[in-house]
Amino acid sequence: MAEVKGIDEARVVPWLEANVAGFTGPATFTLIAGGHSNLTFGVTDATGAKYVLRRPPLGHVLQSAHDMGREHKIIAALNPTNVPVPPALAFCEDVEVNGAPFYVMGFVDGHIIRTSEVAQEKLTEEQRRIAGESLVDVLADIHSIDVDAVGLGDLGKKTDYMQRQLKRWYTQFKGSGELTKRTVPDVDAVHDVLVNRIPEQGPAAIVHGDYRLDNCMIGFDGNVAAVLDWELCTLGDPMADVGLLMVYWNDPEDAGSALLAPSTTAPGFPRRAELLERYAKQSGRDVSEVDYYTAFGYWKLACIIEGVYARYAAGVMGSSDDRQIEGFRGQVDFLAARAKAAVDRLP
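The rules behind the values
Residues numbered from 1 in each chain as written. Predicted model: local features only at pLDDT ≥ 70, side-chain atom pairs only at ≥ 80, totals over all residues. Heavy atoms only, no water. Helix = DSSP H or I, 4+ residues; strand = E, 2+ residues; numbered from the N terminus. Buried < 20%, exposed > 50% of the residue type's maximum accessible area, 1.4 Å probe, protein only. Salt bridge = Lys/Arg side-chain N within 4 Å of Asp/Glu carboxyl O. Axes fitted to C-alpha atoms, helices over the stretch in contact; angles between N-to-C directions. Left-handed = near helix turned anticlockwise from the far one by under 90°. Contact = heavy atoms within 4.5 Å. Nonpolar A, V, L, I, M, F, W, Y, C, P; charged D, E, K, R; others polar.

Peer 1: I'm lost on unusual backbone geometry in this one. Help?
Peer 2: Negative phi characterises most residues that are not glycine, and trans characterises most peptide bonds. Geometrically, the link from Gly25 to Pro26 is a cis peptide bond, its omega value of 0 degrees lying close to zero. Here Pro26 is to be found in the loop between α1 (9–19) and β1 (28–33). The backbone of Asp160 shows a phi angle near 55 degrees, a positive value even though the residue is not glycine. For Asp160, a relative accessible area of 36% corresponds to the partly exposed category. Its identity is not glycine, yet Asp229 carries a phi of approximately 55 degrees, on the positive side. With respect to the secondary-structure elements, Asp229 resides in the loop between β8 (224–227) and β9 (234–236).

Peer 1: I would appreciate a short explanation of the pattern of salt bridges in the present structure.
Peer 2: Opposite charge on two side chains permits pairing when their charged atoms draw close. Using the criterion set out here, one finds 22 salt bridges in the structure. Two residues, Arg129 and Glu133, come together in a salt bridge whose shortest N-O distance is 3.3 Å. Here Arg129 pairs with Glu133, and both are found in helix α5 (residues 125–144), just 4 residues apart, close to one helical turn. Judged by its relative accessible area of 29%, Arg129 is partly exposed.

Peer 1: Looking at this structure, I do not really get the packing of helix α7 (residues 185–196) against helix α11 (residues 322–344). What am I missing?
Peer 2: To describe two helices that pack against each other, one gives the angle between their axes and the distance between the axes. Remark: α7 packs on α11, axes separated minimally by 9 Å, with the N-to-C direction vectors making an angle of 35 degrees. As for how α7 packs across α11, the hand of that crossing is left-handed. Residues Asp186, Val187, Ala189, Val190, Val193 and Leu194 of α7 form the contact with α11, whose participating residues are Ala336, Ala337, Ala339, Lys340 and Val343. Taken together, the residues that form the contact of α7 with α11 break down as 9 nonpolar, no polar and 2 charged.

Structure representation (structure tokens):
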């Protein structure tokens, strides 16, 4: 059997047999998602039972090691709640087992909807509407969790979320500028507005940090079966999740998209305005300042993509196609312009 990079089968399989109830070796491992983010492997044991294993990316063990325990803690804390997450089965912090900490979840079947074509292939029009509505309802449920009651009160600082986010991403953006020697005036202008117009934050809630359709497993009935990708989760202002959802969600008539292949333009999906109205109703929150948080969502993505562009342009990511590099640059300019348009709508 070919070795799977990132999995020491000789050590991992016995550990799974000892720590995951019902697990029976031998097992097969398949990389589901890789790259610079945490690695996700599908695991099938000798009985055909399926599991999912998450570990840090190769070569970044120390930097990412804490993430595994953090992600497992979040999912385990949410298991007893009405927020759909995969079952948290086991966490291994002993790096002798696999060279890095990892955790194991139960397998949740369904669809990852990344493009309009996949949405139309896998879901009916009715199921697409259900998916959009379920996405909002689950977000409201996430934001309603009593963080102290579920043991997540120490997940992050509870106050000054927007101040900290703006400082973090602007510092990264300025660092990117040192590599590229270019300026993006809209990013600077939007930052200044956002810093001076921060809405008052209410009680801290769980903030997923990257909540969108393709970071959820959609069940065969169209409902969200599991929320995935909790890497950026912390405590803070829940409206940041709502603003980012507005950024990621595309209406059919939109010119351009924050995502390279928007899926929500397929017939049946609710419109962005419908999602916002539903969130307000489900959560009971005031969404009148959503333009601020939408601007922040576009602005944050612009800062992140500028960092990607800067690393490629400086050659630190290895060789790359000039068109790809210019694509990143163009995406930053698009996102920054959208952020500027959103702050211009502020009263």
